[in-house]
Amino acid sequence: MSTSGEDSTLLDVDLRATVRRPGRDGDSADAEEPRPTGRAVDPAQARATRTLPEPAPLQSHGPARVVALCNQKGGVGKTTSTINLGAALTEYGRRVLLVDFDPQGALSVGLGIQPHQLDRTIYDVLMESSVTLDDVLLKTNVPGMDLVPSNIDLSAAEVQLVNEVAREQTLARALAPALPDYDLVLIDCQPSLGLLTVNALTAADGVIIPLECEFFSLRGVALLIDTIEKVRERLNPRLHIEGILATMYDSRTVHGREVFARVVEAFGDTVYDTVITRTVRFPETTVAGEPITTWAPSSSGALQYRNLAKEVLTR
Ligand code: ADP
Ligand code: MG
């Protein structure tokens, strides 16, 4: 599905003004880190002032709130946020189920699982009524966090589901029996707005939109919000946007700061106070096959996802 080109929004147009062409002949006034501005305000720092309450401990668990992490653009931090938000939520005593809903299986890999070696995955739960979620569910190394894995088999579901009755509700039906056992279910969507993502949105109460703090990341957000609206109207009246999460933020570049400021200008309080900064620690965790909250527990990335967990529990 094309996400660029026609869906030129006001946001896109406005943002063009924030991109400075690198100057010729080393004209530093126009280079990437240009203009000594005098007041180097970091909008992310300036904004993160609200204090969040410590989440109250739970006496019992469930029924789960289902949240889809969705953006049809790849590489914006959906999978990273699913793993690390999930792990951070368990630190507040929440039981969490992660659903890998991308045929790439990156969520499964990020938790140390080799998805191509699995006989049964979410695909089998969707396509065969005899296979239940319990049959494919895996414990992760994070206590209180379970995983429904996926692998390349899931790519066939997109085609096969087309002929099913109530094809958009397939994931919702599959997840329903698990909801009483968890406090949150996080669905890691694939980078598209196709039938799998529509299934995730139909199963969800809310959507978190991870948004990379880069110029082009705002392209396509209008289309995503439009899709969310349509699913709400036609399939799932509960659906709402939980929040927009700025990811891969680099306060050292004027560009990153300006994109973030524009996002806040456009979406206001829908944007989480928590901003995820760009750090090599995240690619490291993928190799390690564990969340940053255990890989580097006192790193800024771990603290940021804990803060996000608090925000998610407060909203
Ligand atoms: P998506 O699921 O949206 O495709 P990922 O979460 O897989 O995106 O992230 C894409 C790549 O960027 C991965 O290699 C990941 O390790 C890396 N990454 C994610 N978040 C950050 C971050 N805050 N800083 C640096 N790298 C990141
Ligand atoms: Mg992903």
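Residues numbered from 1 in each chain as written. Chains lettered and ligands numbered in written order. Predicted model: local features only at pLDDT ≥ 70, side-chain atom pairs only at ≥ 80, totals over all residues.

(A) Spatial organisation of the overall build of the protein chain. The number of helices and strands found in the protein chain is 14 helices and eight strands. Looking at the 315 residues of the protein chain, the share that counts as buried comes to 43%. Taking the intrachain contacts of the protein chain between residues at least 6 apart in sequence as the baseline, contacts between residues at least 24 apart amount to 78%. (Helix = DSSP H or I, 4+ residues; strand = E, 2+ residues; numbered from the N terminus. Buried ≥ 20, exposed ≤ 12 C-beta atoms within 10 Å, placed from the backbone. Contact = placed C-beta atoms within 7 Å.)

(B) Layout of the pairing of strand β7 (residues 240–249). By the criterion of burial, β7 is predominantly enclosed, with eight of the 10 residues buried. A crossover connection joins strand β6 (residues 206–212) to the parallel β7 through helix α10 (residues 221–234); in handedness this β-α-β unit is right-handed. Relative to strand β8 (residues 271–277), β7 is paired through three bridges, and the arrangement is parallel. Looking across to β8, one finds that A246 is bridged to V275. Crossover handedness for the path β7 to helix α11 (residues 254–267) to β8: right-handed. (Right-handed = clockwise from strand over helix to strand, strands pointing away. Pairing = 2+ DSSP bridges.)

(C) Spatial organisation of the packing of helix α3 (residues 78–91) against helix α14 (residues 300–314). At a minimum axis separation of 8 Å, α3 and α14 run at an interaxial angle of 70°. One element, α3, and the other, α14, form an angle in the roughly perpendicular class. Only Y305, R306, L308, A309 and V312 of α14 make contact with α3, whose side of the interface consists of N84, L85, A88, L89 and E91. Residue composition of the contact of α3 with α14, grouped by class: seven nonpolar, one polar and two charged. (Axes fitted to C-alpha atoms, helices over the stretch in contact; angles between N-to-C directions. Parallel < 35°, antiparallel > 145°, perpendicular 65-115°, else oblique. Nonpolar A, V, L, I, M, F, W, Y, C, P; charged D, E, K, R; others polar.)

(D) Highlighting the environment of Q114. Tracing the backbone shows Q114 in the loop between α4 (106–110) and α5 (122–127). Judged by the 12 C-beta atoms lying within 10 Å of it, Q114 falls in the exposed class. Along the sequence, Q114 and P149 sit 35 residues apart, while their C-alpha atoms lie 9.5 Å from each other.

(E) Structural context of the site of ligand 1. Within the structure, ligand 1 sits among 17 residues, and K78, T79, T80, F282 and P283 are positioned closest to it. Put simply, the parts of the chain that give the shell around ligand 1 at least two residues each are α3, β7 and α12 (281–288). Its residues assigned to classes, the shell around ligand 1 shows seven nonpolar, eight polar and two charged. (Near = placed C-beta within 6 Å.)

(F) Structural view of α11. Taking 1.5 Å as the rise per residue, α11 with 14 residues should run 20 Å; its terminal C-alpha atoms sit 20 Å apart, in good agreement. For α11, the complete set of buried residues consists of G256, R257, V259, F260, V263 and V264. Buried residues of α11 fall within an arc of 165° about the axis and therefore sit on the same side. G268, located one to two residues past α11, shows a positive phi value of around 55°. (Expected span 1.5 Å × (residues − 1). Arc of directions from axis to C-beta.)

(G) Spatial organisation of unusual backbone geometry. In this structure, P63 follows G62 across a cis peptide bond, with omega equal to -10°. Turning to its location among the elements, P63 is positioned in the loop between α2 (43–47) and β1 (65–69). A positive phi is found at A166, a non-glycine position, where the angle reads about 50°. Along the polypeptide, A166 turns up in the loop between α7 (154–160) and α8 (170–175). Under the C-beta neighbour-count criterion, A166 is labelled exposed, with 11 such atoms within 10 Å.

(H) Spotlight on the sheet that holds strand β2 (residues 96–101). Overall, mixed pairing links the eight strands, which are arranged β3-β4-β2-β5-β1-β6-β7-β8 in an open sheet. In the strand order of this sheet, the two ends are held by β3 (138–139) and β8, each with one partner. For β2 and strand β4 (residues 145–148), the ladder comprises four bridges, and the chain directions are parallel. When the sheet's bridge partners are listed, L98 is paired in β4 with L147. In the packing of α3 onto the sheet, contacts are made with β1, β2, β4, β5 (184–189), β6 and β7, and the angle to β5 comes to roughly 165°. Running over the sheet, helix α9 (residues 195–203) touches β1, β2, β5 and β6 and is turned about 165° from β5.

(I) Up close: the confidence of the model for the protein chain. Across the protein chain, the average pLDDT comes to 88, with 87% of residues at 70 or higher. Between residues 1–39, whose pLDDT stays under 50, and residues either more than four places distant or in other chains, the model counts 48 contacts. (pLDDT = per-residue confidence, 0-100.)

(J) Just the nonpolar core, in detail. Ranked by size, the top nonpolar core spans 81 residues in total, and within it I187 and A200 carry the most contacts. Residues contacting I187, with those up to four places away along its chain left out, are V66, A68, L69, V99, F101, A200, A203 and A204. (Core = buried A, V, L, I, M, F, W, Y, C linked by C-beta atoms within 7 Å.)

(K) Examining the environment of A200 more closely. Along the chain, A200 turns up in helix α9. Between the C-alpha atoms of A200 and L171, which are 29 residues apart in sequence, the distance is 6.6 Å.

(L) How the structure looks around the environment of R167. For R167, the location among the structural elements is in the loop between α7 and α8. Sequence spacing of R167 and L196 is 29 residues, and the spatial spacing of their C-alpha atoms is 9.6 Å. Those residues in contact with R167 that lie beyond four places of it in its chain are L161, V162 and L195.

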